[in-house]
Amino acid sequence: MEEEVRQALAARYAKRLSPEEVIRILDQLSEDKPRRAHAKKMLASEFLIAGRRVEALYEAGLITRAERISWDERIAQDDVTLDEVERFAARKRNCQMKAS
């Protein structure tokens, strides 16, 4: 019975995708969808990266909860580009380094 459990767990978790594979699949899915009336500012993988950047800033104490919520809403509404999020994150990290 123990061996059956090991085999079942190995089969379940052996099929995990790498982060690169997930990003590739998300990008492919977003490219395959017909474009809306307005062009999207970010690919699906960029939404994921942008959200992680904002989350990291919040966890590091570099932005307030209100700022995080604001950025999360902008990302969800496709109202910002990944480049804008990256520039914001860089400014916040630079401010922290200068304060140290």
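Higher on the page you've got the structure.
Please read these numbers as outputs of a predicted model, since none were measured by experiment. (Residues numbered from 1 in each chain as written. Predicted model: local features only at pLDDT ≥ 70, side-chain atom pairs only at ≥ 80, totals over all residues. Heavy atoms only, no water.)

## What to know about the packing of helix α3 (residues 44–59) against helix α5 (residues 82–99)
(1) Moving on: Close contact between α3 and α5 brings their axes to 10 Å; oriented N to C, the two are set at 20°. Comparing the axis directions of α3 and α5 gives the class roughly parallel. Judged by the sense of rotation from one axis to the other, the crossing of α3 with α5 is left-handed. Counting all contacts with α3, which are made through E46, I49, A50, R53, V54 and L57, the residues of α5 involved are L82, V85, E86, F88, A89, K92 and R93.
(2) Moving on: Taken together, the residues of the contact of α3 with α5 break down into 8 nonpolar, no polar and 5 charged. (Axes fitted to C-alpha atoms, helices over the stretch in contact; angles between N-to-C directions. Helix = DSSP H or I, 4+ residues; strand = E, 2+ residues; numbered from the N terminus. Parallel < 35°, antiparallel > 145°, perpendicular 65-115°, else oblique. Left-handed = near helix turned anticlockwise from the far one by under 90°. Contact = heavy atoms within 4.5 Å. Nonpolar A, V, L, I, M, F, W, Y, C, P; charged D, E, K, R; others polar.)

## Structural notes on the environment of E67
(1) Moving on: Residue placement: E67 occurs in helix α4 (residues 65–76).
(2) Moving on: Taking the relative accessible area as the measure of exposure, E67 reaches 26% and is therefore partly exposed.
(3) Moving on: Here the alpha-carbon distance between E67 and L57, two residues 10 residues apart in the chain, equals 9.9 Å.
(4) Moving on: Contact partners of E67, with chain neighbours within four places excluded, come to L62, F88 and K92. (Buried < 20%, exposed > 50% of the residue type's maximum accessible area, 1.4 Å probe, protein only.)

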